[in-house]
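Chain by chain, the residues run as shown.
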Amino acid sequence: MAGAFGQELVDKADAKSKVKANAGNFFEDFYVGMNIVHATPKTVTEGDVALYTGLTGSRYALFSSDRFAQDIGLEAAPVDPLLAFHVVFGKTVPDISLNAVANLGYADGRFGVPVFPGDTLCSLSEVIGIKENSNGKTGVVYVRTTGFNQNDEVVLSYVRWVMVKKRDVNSPAPDTVIPDLPEAVKGEDLYAPMMDAEDWQYDLAGSPHSYEDYEVGEKIDHCDAFTVEEAEHQIATRLYQNTAKVHFNQHEQAQGRFGKRLIYGGVAISMARSIAFNGLANAAQILGINSGAHVNPLFAGDTVYAWSEVIEKADISQGFGALRLRLVATKDLPCADFPYKGEDGKYLENVILDFDYWAAIPKRG
């Protein structure tokens, strides 16, 4: 016969099993080594690609033209790696960040086989670190997420860490585990693009500049800008099936810190990358994500500007090199003087994104 405590556990388990809706995981639900299979697999269609283009204005020829892609040896125009990233990321939200305060950063991201329209993507995550915050109300959860296609090939793997609310502020703090993450993905560990650079058509791509034309330390003001509208970011986030409350629930967010919905950080990344076409048109294929931080919030009505810095170069194949780029996005602040951090080392208040990534670019030979 079960004791009173044992019966209490049985009662709680029975009650939980009767709950049909998912309220999401809170901080105390996570533990190091926890593995999560995320719903729902998504087949990426040509319609998704068209909608992504309409929402971001992306102009990279590699993702826009089947003929351009076929001329360099691909079966068709691949899906923009950021669209694949958002789809893989979106699967994780109901399990990882439904009760998040903020997504804090990214690291050790590597893109694998390209994604094409018709491919079906799914996501798996492992909790690799955990740390309760000093306020006792929230904690940081580190996860490694891997996205697969229908052939079980890896299309993307990355680490992110997110601040999550506690369900019960009186629950004990877990042992702190902080994962050891690399500062950057090494150039030799990048997945070399299976393309033929000899037939790269620079005029159709929109720029004459190849790998040899970029220098470490060079900064590029991308000049263009986009104002983010409420409807656009709502549609974009729904496209990725990202259910985070901070992006959708105005009734709840009206009572929060900002009094309005936050724009999904991935929208800022995609907008900045779209703007970066002007200056980096041939650096289309993203190969890796070294780090990323959403340093200030972005809201509907803000205008996004961007600039880039070449941090490093790597020779990755016979026809392609890789540029390690720092992509900085701002809101309502042009980037002619490359705004970044103040004398105190802190980000300027108009800086919204600091994104460090690798991109493939053809060599002249």
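Everything quoted here is computed from the prediction, not taken from an experiment.

Parameters at a glance
Residues numbered from 1 in each chain as written. Predicted model: local features only at pLDDT ≥ 70, side-chain atom pairs only at ≥ 80, totals over all residues. Heavy atoms only, no water. Helix = DSSP H or I, 4+ residues; strand = E, 2+ residues; numbered from the N terminus. Buried < 20%, exposed > 50% of the residue type's maximum accessible area, 1.4 Å probe, protein only. Contact = heavy atoms within 4.5 Å. Phe/Tyr/Trp six-rings, centres within 6.5 Å; stacked < 30°, edge-to-face > 60°. Core = buried A, V, L, I, M, F, W, Y, C linked by side-chain atoms within 4.5 Å. Polar contact = N/O pair within 3.5 Å; in protein donor to acceptor, adjacent residues only side chain to side chain.

(A) Molecular detail of unusual backbone geometry. Cis geometry is adopted by the peptide bond preceding Thr40, which originates at Ala39 and carries an omega value of 0°. Residues other than glycine seldom take positive phi values, yet Asp332 does so here, at roughly 55°. Among the structural elements, Asp332 can be located in the loop between strand S11 (320-331) and strand S12 (351-362). The class for Asp332 is partly exposed, based on a relative accessible area of 44%. At Phe338, a residue that is not glycine, the phi angle is positive and equals roughly 55°.

(B) Layout of the side chain of Gln234. Looking at where Gln234 falls in the secondary structure, it is placed in helix H7 (residues 230-239). Residues in contact with Gln234, not counting those within four places in the same chain, are His247, Phe248 and Arg261.

(C) Summary view of the packing of aromatic side chains. Counted under the stated rule, the structure contains 14 aromatic pairs. Ring centres of Phe85 and Tyr106 lie 5.7 Å apart, and the angle between their planes is 70°; on these two criteria the pair is classed as edge-to-face. Highlighted residues: Phe85 in helix H5 (residues 81-96) and Tyr106 in strand S3 (residues 100-111), separated in sequence by 21 residues. In terms of burial, Phe85 and Tyr106 fall into one category: buried. Both rings, one in Trp200 and one in Phe320, keep their centres 6.1 Å apart while their planes meet at 80°; by these two values the pair is edge-to-face. Of this pair, Trp200 sits in the loop between strand S6 (154-165) and helix H6 (202-205) while Phe320 sits in strand S11; the two residues are 120 residues apart in sequence, bridging distant segments of the chain.

(D) Highlighting the nonpolar core. In terms of nonpolar packing, the biggest core is built from 85 residues, with Leu62, Leu83, Phe85, Leu121, Leu280 and Tyr357 touching the most fellow members. Setting aside its immediate chain neighbours within four residues, Leu121 contacts Pro41, Lys42, Val44, Ala84, Val87, Val88, Val115, Phe148, Asn149 and Val155. Counting residues in each nonpolar core, the second largest holds 12 residues, with Phe27, Ile36, Ile130 and Val162 among its members.

(E) Representation of the environment of Ala23. Along the chain, Ala23 falls in the loop between helix H1 (4-17) and strand S1 (35-37). Between the C-alpha atom of Ala23 and that of Gly256, which follows or precedes it by 233 residues, the distance is 19 Å. If near-sequence neighbours (up to four positions away) are discounted, Ala23 is found in contact with Leu98 and Asn99.

(F) Structural detail: the side chain of Asp108. Summarising the element assignment, Asp108 is placed in strand S3. You can call Asp108 buried: its relative accessible area is 9%. A distance of 3.2 Å separates a polar atom in the side chain of Asp108 from a polar atom in the side chain of Arg110. Setting aside residues no more than four positions away along its own chain, Asp108 makes contact with Arg144, Ser157, Tyr158, Val159, Pro182, Val185, Ile289 and Asn290.

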